[in-house]
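# Structural overview
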Amino acid sequence: GGPGLLAGKTVLITAGPTREAVDPVRYLSNRSSGRMGFAIAEAAARAGAKVLLVSGPVSLSTPPGVERVDVESARQMQEAVMTLAPNADVFIAAAAVADYRPAETAERKLKKDSGDELAGMKLVENPDILAGVAAMKKDRPFTVGFAAETNDVEANARKKLEKKQLDLIAANQVGADRGFDRDDNELLLLDAKGSTPLGAGSKRELAGKLLAVIADRIQ
Ligand code: C5P
């Protein structure tokens with residue numbers, strides 16, 4: 001981090017899980033706590049940036065100086081992000097967006113014996129928000145993704161960097177006792193030029209280091 005490092009810059013961040021409604025009482029989601037994205041938002045604000053945080057449902061308080069937009073579903077997150085992205089210098093996708101959503105959301109609570117409506121629920125793929133920003137033709141921000149991998153971390157993350165056309169990707173290993181819903185993490189940064197290990201540390205420390213690298217790249 002460091003005060004002033006991102007002065008005059010606008011940083012747009014996604015954080016947390018998304019919730020994909022099945023019916024008025026049920027949803028599909030995941031275990032993301034939002035802590036990595038919120039730590040980045042806090043560090044970016046401390047570094048002097050204007051910070052826009054688009055958050056899925058989390059139980060975290062908004063860091064000082066951060067403008068927060070709350071959303072539930074991936075499609076709501078995409079709409080908020082695509083509205084804000086043209087004004088951002090940097091986009092960091094730290095959200096754990098649900099890969100699929102129910103093809104239809106029932107207006108009334110589905111009954112357990114609803115036949116195929118629950119047991120045979122059809123799913124459709126959600127939009128890739130990060131790839132959408134990376135593909136912007138005009139006013140494209142410096143675009144940073146995360147890759148949570150259980151194995152072959154570097155190779156899988158590099159594939160994502162290239163496939164989604166990112167400027168930078170932060171890779172980490174996830175599994176039984178790492179990654180999600182924890183205070184610490186270990187990140188490896190990859191870009192076209194090579195790899196930069198940030199080591200292990202608290203999400204707060206890693207957020208500062210990540211932003212220092214980004215600040216350097218966008219100078
Ligand atoms: O492909 P995968 O889901 O592993 O990619 C992870 C990265 O892509 C993260 O930065 C995540 O925030 C972003 N992502 C997204 N929209 C999706 C899926 C992933 O922005 N629908």
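Residues numbered from 1 in each chain as written. Predicted model: local features only at pLDDT ≥ 70, side-chain atom pairs only at ≥ 80, totals over all residues. Heavy atoms only, no water.

The protein is annotated in an unreviewed UniProt entry as Coenzyme A biosynthesis bifunctional protein CoaBC from Natronospira bacteriovora.

## Concerning helix α5 (residues 153–163)
Spelled out, the test is: Only protein chains enter the area calculation, which uses a 1.4 Å probe; residues under 20% of their type maximum are buried, those over 50% are exposed, and those in between are partly exposed. Strands here mean DSSP runs of E at least two residues long; helices mean DSSP runs of H or I at least four residues long; both are numbered from the N terminus. By arc we mean the arc of the directions from the helix axis to the C-beta atoms, nothing more. Throughout, a contact is declared for two residues whenever any of their heavy atoms are within 4.5 Å.
Inspection of α5 places V153, N156, A157 and L161 among the buried residues, and these make up the whole buried set. Down the axis of α5, the buried set is contained in an arc of 145°. They therefore lie on one face. Summarising the geometry of α5, the exposed residues directed more than 90 degrees from the buried face are K159, E162 and K163. Next to the buried residues of α5 lie β9 (142–149), β10 (168–173) and β11 (184–191).

## A look at the site of the ligand
Worth spelling out the cut-off: For this description, a residue counts as near a given molecule or strand if any of its non-hydrogen atoms is within 4 Å of it. Distance and chemistry together define a polar contact, namely a pair of N or O atoms within 3.5 Å, with one atom able to donate a hydrogen and the other to accept it when in protein, and with adjacent residues in sequence counting only for side-chain atoms on both sides. Computed by Shrake-Rupley with a 1.4 Å probe, the accessible areas treat only the displayed protein chains as cover when residues are assessed. Under the scheme applied here, ten amino acids are nonpolar (Ala, Val, Leu, Ile, Met, Phe, Trp, Tyr, Cys and Pro), four are charged (Asp, Glu, Lys and Arg), and all others, including Gly, are polar.
Neighbouring the ligand are the residues A93, A95, V97, P127, D128, I129, L130, G145, F146, K160 and K164. Contact distances for the ligand include 2.5 Å between an oxygen atom and a side-chain N or O atom of K160. Burial of the ligand by the protein amounts to 84% of the accessible area it has alone, namely 450 Å². Elements represented by at least two residues in the shell around the ligand include exactly α4 (129–134) and β9. Residue classes in the shell around the ligand are distributed as 7 nonpolar, 1 polar and 3 charged.

## Some points on the confidence of the model for the protein
The test is simple: One number per residue, pLDDT, summarises how confident the predictor is, and it ranges from 0 to 100.
When pLDDT is averaged along the protein, the result is 95; 96% of the residues meet or exceed 70. Model confidence for the complex: the whole-complex pTM is 0.96, and ipTM, which rates the interface, is 0.98.

## Topic: the environment of G2
Relative to the helices and strands, G2 is located in the segment before β1 (10–15). A sequence separation of 46 residues divides G2 from G48, and the C-alpha atoms of the two residues are 8.7 Å apart. Excluding its chain neighbours within four sequence positions, the residues that come into contact with G2 are R46 and A47.

## Structural notes on the UniProt feature "binding site: CTP" (unreviewed entry) in the protein
We apply this condition: UniProt positions are given in the numbering used here, feature names are shortened, and annotations may be inferred rather than shown by experiment.
Per the UniProt entry, the sites bearing "binding site: CTP" (unreviewed entry) are D99, K109, P127, D128, I129, L130, F146, K160 and K164 in this numbering. Taken together, the annotated residues stretch across 66 residues and extend over separate regions, lying up to 37.7 Å apart by C-alpha. In this structure, F146 sits in strand β9. In this view, F146 contacts M36, I40, I92, A93, A94, I169, A170, L187 and L210; residues no more than four positions away in its chain are not counted.

## Things to note about the nonpolar core
For clarity, the cut-off: Nonpolar cores are built from buried Ala, Val, Leu, Ile, Met, Phe, Trp, Tyr and Cys residues. Side-chain atoms within 4.5 Å join them into one set.
Core analysis: the biggest nonpolar cluster contains 37 residues, and L6, I40, I92, F146 and I214 have the highest contact counts within it. Every element with two or more residues in this core is listed here: β1, α1 (35–46), β4 (50–55), β6 (90–93), β9, β10, β11 and α6 (203–218). Excluding residues within four positions of it along the chain, I92 makes contact with V11, L12, I13, T14, I40, V144, F146, L211 and I214. With 26 residues, the next largest nonpolar core counts M77, A147, I169 and L190 among its residues.

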